[in-house]
Amino acid sequence: MSQQETYAIDIAGVQRDLRLFEIKPGVRIAILNILGDTELVNAAAKELAQKLSTQTFDYLVTAEAKSIPLAHAISAEMGKPYIVLRKSYKPYMGEALQSETLSITTGKPQTLFLDEKDRASIKDARVVLVDDVISTGSTLQGMRLITEKAGAEIVAEAAILTEGDRAQWHNIIALGHLPVWVDE
Ligand SMILES: O=P(O)(O)OC[C@H]1O[C@H](OP(=O)(O)OP(=O)(O)O)[C@H](O)[C@@H]1O
Ligand SMILES: Nc1ncnc2[nH]cnc12
């Protein structure tokens with residue numbers, strides 16, 4: 001196993017040393033946590049907004065939690081509203097739609113909920129799905145299922161970084177890619 005503890009990356013002109021973390025025995029990923037990192041969020045949002053500028057859409061859609069500031073910043077750049085799929089249900093969400101995910105970082109199922117008011121907003125709308133990192137794609141798949149169930153059309157999918165199997169993610173609008181380190 002490599003002794004490397006961090007992974008250096010340039011994201012939209014911002015340098016960061018991402019901490020390597022063993023998510024399961026023999027498998028390590030470089031953790032990107034954009035919460036609180038205003039410089040990185042704003043730089044990434046600006047570049048992603050530029051890449052999305054050719055798309056005609058009504059809403060950005062993201063999943064709680066770490067990618068919320070990214071969706072907010074892209075929304076501010078592009079003047080388009082955003083919707084957050086929540087990971088716990090509150091009674092005020094009414095007849096919410098739900099779908100199950102299993103992200104690489106969490107290792108156990110999580111449920112995404114689309115509030116009934118947001119569900120009404122995206123019916124027949126054109127949406128762009130946004131995530132901070134797309135790794136196994138489980139969160140992305142959950143977002144796809146729930147937005148399609150709500151009657152939205154997905155016109156693009158964007159992330160700051162993709163991760164792992166690069167070939168899977170050639171249709172994703174992204175600013176870079178992260179390896180996954182697997183012990184021999
Ligand atoms: O492609 P996947 O394997 O699904 O992984 C990607 C997801 O994993 C992380 O979220 P996490 O589950 O850690 O939740 P959090 O943002 O609420 O911390 C990340 O923010 C993505 O949403
Ligand atoms: N490298 C990573 N950092 C933070 N969240 C992630 N979710 C999936 N891969 C991730």
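Quick caveat, the model's predicted, so the values are computed rather than measured. For every chain, the first residue of the written sequence is number 1, and numbering continues from 1 onward in sequence order. A letter from A marks each chain and a number from 1 marks each ligand, given out in the order of writing. Predicted model: local features are reported for residues with pLDDT of at least 70 only, side-chain atom pairs are reported and counted for 80 or more only, and whole-chain, interface and lining totals are derived from all residues. Side-chain calculation: all heavy atoms of the structure are included, whereas hydrogens and water are not.

**Quick look at the site of ligand 2**
So, step 1. A molecule or strand has a residue near it when one of that residue's heavy atoms lies within 4 Å. In the vicinity of ligand 2, the contacting residues are Ile 29, Ala 30, Ile 31, Leu 32, Lys 66, Ile 104, Thr 105, Val 133, Ser 135, Glu 163 and Leu 178.
So, step 2. Definition of a polar contact: a pair of N or O atoms within 3.5 Å, with one able to donate and the other able to accept a hydrogen when the atoms are protein atoms, and with sequence-neighbouring residues admitted only if both atoms are side-chain atoms. One of the backbone N or O atoms of Leu 32 is found 2.9 Å from a nitrogen atom in ligand 2.
So, step 3. Separating a nitrogen atom of ligand 2 from a side-chain N or O atom of Glu 163 is a distance of 2.7 Å.
So, step 4. Its residues assigned to classes, the shell around ligand 2 shows seven nonpolar, two polar and two charged. Classes in brief: Ala, Val, Leu, Ile, Met, Phe, Trp, Tyr, Cys and Pro nonpolar; Asp, Glu, Lys and Arg charged; the others, Gly included, polar.

**Structural notes on the site of ligand 1**
So, step 1. Around ligand 1, a shell composed of 18 residues is seen, among which Ser 103, Thr 105, Asp 132, Thr 136 and Thr 139 lie nearest.
So, step 2. Asp 132 places a polar side-chain atom, nitrogen or oxygen, 2.6 Å from an oxygen atom of ligand 1.
So, step 3. For the area figures, the Shrake-Rupley method with a 1.4 Å probe applies, and any residue is considered shielded solely by the protein chains shown. Contact with the protein chains removes 88% of the 500 Å² of surface that ligand 1 exposes when unbound.
So, step 4. Counting from the N terminus, the helices are DSSP H or I runs at least four residues long and the strands are E runs at least two residues long. When contributions to the shell around ligand 1 are tallied by element, the ones reaching two or more residues are strand S8 (126–134) and helix H4 (138–149).
So, step 5. A total of four residues in the shell around ligand 1 trace back to one element, the largest contributor, which is S8.
So, step 6. The residue inventory of the shell around ligand 1, partitioned by class, reads four nonpolar, nine polar and five charged.

**Details of the UniProt feature "domain: Phosphoribosyltransferase" (unreviewed entry) in the protein chain**
So, step 1. UniProt positions are given in the numbering used here, feature names are shortened, and annotations may be inferred rather than shown by experiment. Residues annotated in UniProt with the feature "domain: Phosphoribosyltransferase" (unreviewed entry) correspond here to residues 38–164.
So, step 2. Segment residues 38–164 splits into 35% helix and 31% strand. End C-alpha atoms: 26 Å apart.

**Observations regarding the sheet that holds strand S2 (residues 14–24)**
So, step 1. The four strands are arranged S1-S2-S3-S12 in an open sheet whose pairing can be described as antiparallel. Looking at the sheet topology across the chains shown, the edges are occupied by strand S1 (6–11) and strand S12 (180–182). The mean inter-strand angle of the sheet, taken between neighbouring strand axes irrespective of direction, is 30 degrees.
So, step 2. As paired strands, S1 and S2 are joined by six bridges and run antiparallel to one another. A pair of strands is considered paired only if DSSP assigns at least 2 bridges between the two. Only the contacting stretch of a helix is used when fitting its axis, a line to C-alpha atoms as for every element, and angles between N-to-C directions run 0 to 180 degrees.

**A closer look at the packing of aromatic side chains**
The geometry of an aromatic ring pair is captured by two quantities: the separation of the ring centres and the angle between the planes.
So, step 1. Whether two aromatic rings pair depends on their centres lying within 6.5 Å, for rings of Phe, Tyr and Trp, where Trp uses its six-membered ring; planes under 30 degrees apart make the pair stacked, over 60 edge-to-face, and the rest tilted. This structure, assessed with the given rule, holds two aromatic pairs.
So, step 2. Measuring from ring centre to ring centre gives 5.3 Å for Tyr 7 and Trp 181, while their planes differ by 70 degrees; the resulting arrangement is edge-to-face. Of this pair, Tyr 7 sits in strand S1 while Trp 181 sits in strand S12, placing them 174 residues apart in sequence.
So, step 3. The exposure class assigned to Trp 181 is buried, which follows from its relative accessible area of 18%. Think of it in three bands: residues with accessible area under 20% of the maximum for their type are buried, residues over 50% are exposed, and the middle band is partly exposed, with areas taken using a 1.4 Å probe on protein chains only.

**Some points on the pattern of salt bridges**
So, step 1. The salt bridge definition used is simple: a Lys or Arg side-chain nitrogen within 4 Å of an Asp or Glu carboxyl oxygen. Scanning the entire structure with this criterion turns up seven salt bridges.
So, step 2. Between Lys 117 and Asp 118 there is a salt bridge, with its nearest N and O atoms 2.8 Å apart.
So, step 3. Judged by its relative accessible area of 54%, Lys 117 falls in the exposed class.
So, step 4. By relative accessible area, Asp 118 is classed as buried at 11%.
So, step 5. Three or more residues joined by partner-sharing salt bridges are found here, namely Arg 16, Asp 37 and Glu 39.

**What to know about helix H1 (residues 38–52)**
So, step 1. One fewer than the residue count of a helix, multiplied by 1.5 Å, yields its expected span. For H1, built from 15 residues, the straight-helix expectation of 21 Å at 1.5 Å per residue is met to within 8% by its first-to-last C-alpha distance of 20 Å.
So, step 2. Regarding H1, the residues found buried are Leu 40, Val 41, Ala 43, Ala 44, Ala 45, Leu 48, Ala 49 and Leu 52.
So, step 3. When checking whether two residues touch, look at their non-hydrogen atoms; a contact exists if any pair is within 4.5 Å. Packed against the buried residues of H1 are S1, S2, helix H2 (68–78), S8, strand S9 (153–163) and strand S10 (173–174).

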